[in-house]
Amino acid sequence: MAAAACNPVAPSGPVPFKDVDDGSVPEHTPKEEFGDLVAALPSRQQSILELRLYQGFWLPEHWVPGTIVFQRRFTPRPDDVILASYPKCGTTWLKALAFATAARTAYPPGGARHPLRRLNPHDCVPFIDEIFASGEEAKLEALPSPRLMNTHLPYALLPAPVTATATGCRVAYVCRDPKDMVVSLWHFLRRAKPDLLFADTFESVCDGTVVVGPVWDHVLSYWRASVAAPDRALFLRYEDMLRDPGGNVRRLAEFMGRPFSAAEEAAGDVAAVVELCSFDEMKGLEVNRPGSGTAGRYRPMPRDAFFRKGVAGDWANHMTPEMAARLDGIFREKLQGTGLIFS
Ligand code: A3P
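From a predicted model like this one, the values you see are computed outputs, not experimental measurements. (Residues numbered from 1 in each chain as written. Predicted model: local features only at pLDDT ≥ 70, side-chain atom pairs only at ≥ 80, totals over all residues. Heavy atoms only, no water.)

A. Representation of the state of the cysteines within the structure. Taken as a whole and assessed by the stated rule, the structure comprises zero disulfides. Counting only cysteine sulfurs, cysteine 277 is the nearest neighbor of cysteine 124, a cysteine outside any disulfide, at a range of 9.7 Å. Since its relative accessible area comes to 2%, cysteine 124 is described here as buried. On the accessibility criterion, cysteine 277 (2% relative accessible area) is buried. (Disulfide = S-S within 2.5 Å. Buried < 20%, exposed > 50% of the residue type's maximum accessible area, 1.4 Å probe, protein only.)

Printed below as a string of structure tokens:
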């Protein structure tokens, strides 16, 4: 008590997860605990993944036990920020931007020793679903506030205390033109299965049986949450972020309760965050180059796989106009009347 009074400066987050992860792994994982429940779910093989239909979404089988535990045992803190996304829609970028923004007092974004210059964004911001799947949630508990974490789960599958007004926390979601998402997903999956046909990935997105699909339900779940409570759910678009990165960093900062002050604006801190997290900067870092190692626990992927082209409109190099029109048509129909429009 006396020590706390003498030293009122508590450790403040977010801190790079990898710096505080002691590498310990528990003896028992949720996989053993929920094996029977998972085995009873409808299944489907999709590219490199065995999918299970869980609460209306096709989750990779190895995600389900962790999702159940996350839903049952996660206790949000009021100042937590959860970064959410459908895969390949800008997760890595959002993690970098949010971390650089939220941690800018401890780690000035222009500094040569910034954690994002030595760590991949996925090693700075923990992927909650993976942490729960491996039974390591005590590590999340040990993180200083405010915590920054991410998930690929749809809003509807988030734990009730996260989405409840009285107990919840903020959630920032990034979405992307589904056509570019499909292309990005295919390239990513091909790193594990080089002979994967583009048509297979495309069809799985069209019929909804894709990882964490249907994609339209995923996007809509966050869209509706952001419309209902914009101070609790932020809805970002990858294309907007490319067009106006500074404006979107400011939105993110305000949403996280850490708006840039006039002094920070004058000092160029927004531009410094944008520059630190820019595609060229991140892709060029030693830690993200080919052969530099992997990120992720579910299925570790080479770190360079998270930085491919980083542009909008690459779909035109992979899809016929007919395919593009078909995918646009599916999304137009599914999103009709919701106020959300892709093209
Ligand atoms: P492409 O494959 O179209 O290049 P996720 O992080 O959700 O896995 O999404 C990956 C996509 O985001 C990839 O798209 C990747 O190149 C792009 N990306 C990664 N870092 C980025 C950054 N700093 N700026 C812009 N795009 C980025």
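Now that the structure has been shown, the text picks up again.
B. The arrangement of the layout of surface pockets in detail. The computed volume of the second largest pocket comes to approximately 210 Å³. Around the second largest pocket, the lining is made up of 15 residues, and of these Gly13, Pro14, Ala102, Pro146 and Arg258 lie nearest the centre. When the residues that make up the lining of the second largest pocket are grouped by side-chain class, the tally is eight nonpolar, three polar and four charged. (1 Å grid on protein atoms, 1.4 Å probe; cavity = no way out; pocket = protein on both sides within 12 Å on 5 of 7 lines; lining within 4 Å. Points joined across faces, edges and corners; volume = space filled by probe spheres on them. Nonpolar A, V, L, I, M, F, W, Y, C, P; charged D, E, K, R; others polar.)

C. Expanded view of the pattern of salt bridges. All chains considered together, the criterion is met by 22 salt bridges. Notably, a salt bridge pairs arginine 52 with glutamate 61, separated by 2.8 Å at the nearest N-O pair. Note on arginine 52: relative accessible area 10%, which makes it buried. For aspartate 195, the salt bridge is made with lysine 193, and the minimal N-O distance between the two is 3.2 Å. Through salt bridges with shared partners, a single network forms among Asp21, Asp22, Glu136 and Lys139. (Salt bridge = Lys/Arg side-chain N within 4 Å of Asp/Glu carboxyl O.)

D. Representation of the sheet that holds strand 2 (residues 49-54) in the model. The three strands are arranged 1-2-3 in an open sheet whose pairing can be described as antiparallel. Strand pairing shows two members of the sheet lacking a second neighbour, strand 1 (43-46) and strand 3 (57-60), which therefore form its edges. Strand-to-strand twist in this sheet, taken as the mean axis angle between neighbours without regard to direction, amounts to 40°. When strand 1 meets strand 2, the two strands line up antiparallel, connected through four bridges. Note that in strand 2 the partner of glutamine 46 across the bridge is leucine 49. (Pairing = 2+ DSSP bridges. Helix = DSSP H or I, 4+ residues; strand = E, 2+ residues; numbered from the N terminus. Axes fitted to C-alpha atoms, helices over the stretch in contact; angles between N-to-C directions.)

E. Structural view of the pairing of strand 2. Between strand 1 and strand 2, which pair antiparallel in sequence order, lie two residues; one of them, serine 47, sits at a positive phi of approximately 45°. Summarising the sheet, strand 2 and strand 3 pair through four bridges and their orientation is antiparallel. In the strand pairing of strand 3, arginine 52 is matched with leucine 59. Counted between consecutive antiparallel strands, the loop separating strand 2 from strand 3 contains two residues, among which glutamine 55 sits at a positive phi close to 50°.

F. Representation of the nonpolar core in the model. Within the largest apolar cluster, 68 residues are counted, with the highest numbers of intra-cluster contacts made by Leu59, Tyr86 and Val211. Those residues within four positions of tyrosine 86 in sequence are excluded, and the remaining contacts are Thr91, His152, Tyr173, Val174, Met181, Val210, Val211, Val212, Gly213, Val215 and His218. In terms of nonpolar packing, the next biggest core, distinct from the first, is built from 42 residues, Leu94, Leu97, Val125 and Met256 among them. (Core = buried A, V, L, I, M, F, W, Y, C linked by side-chain atoms within 4.5 Å. Contact = heavy atoms within 4.5 Å.)

G. Looking closely at the packing of aromatic side chains. For the structure shown, the criterion picks out 15 aromatic pairs. Taking 6.1 Å as the distance between ring centres and 25° as the angle between the ring planes, the aromatic pair formed by phenylalanine 99 and tyrosine 107 counts as stacked. Site record: aromatic cluster; members linked through ring pairs are Tyr155, Tyr173, Tyr222, Trp223 and Phe235. For the cation-ring pair, arginine 104 lies above phenylalanine 260, with the distance from its terminal atom to the ring centre recorded as 4.0 Å. (Phe/Tyr/Trp six-rings, centres within 6.5 Å; stacked < 30°, edge-to-face > 60°. Lys NZ or Arg CZ within 6 Å of the ring centre and 35° of its normal.)

H. Structural view of unusual backbone geometry. Cis geometry marks the peptide bond from glycine 13 to proline 14; its omega dihedral reads -10°. Following the sequence through the fold, proline 14 ends up in the loop between helix 1 (2-6) and helix 2 (17-20). Proline 214 follows glycine 213 through a cis peptide bond whose omega is 0°. Note on placement: proline 214 falls in the loop between helix 12 (198-207) and helix 13 (215-228). The backbone of serine 47 shows a phi angle near 45°, a positive value even though the residue is not glycine. For serine 47, the location among the structural elements is in the loop between strand 1 and strand 2. With a phi close to 50°, glutamine 55 is a non-glycine residue in the positive phi region. Mapped onto the elements, glutamine 55 comes out in the loop between strand 2 and strand 3. We classify glutamine 55 as partly exposed; its relative accessible area is 47%.

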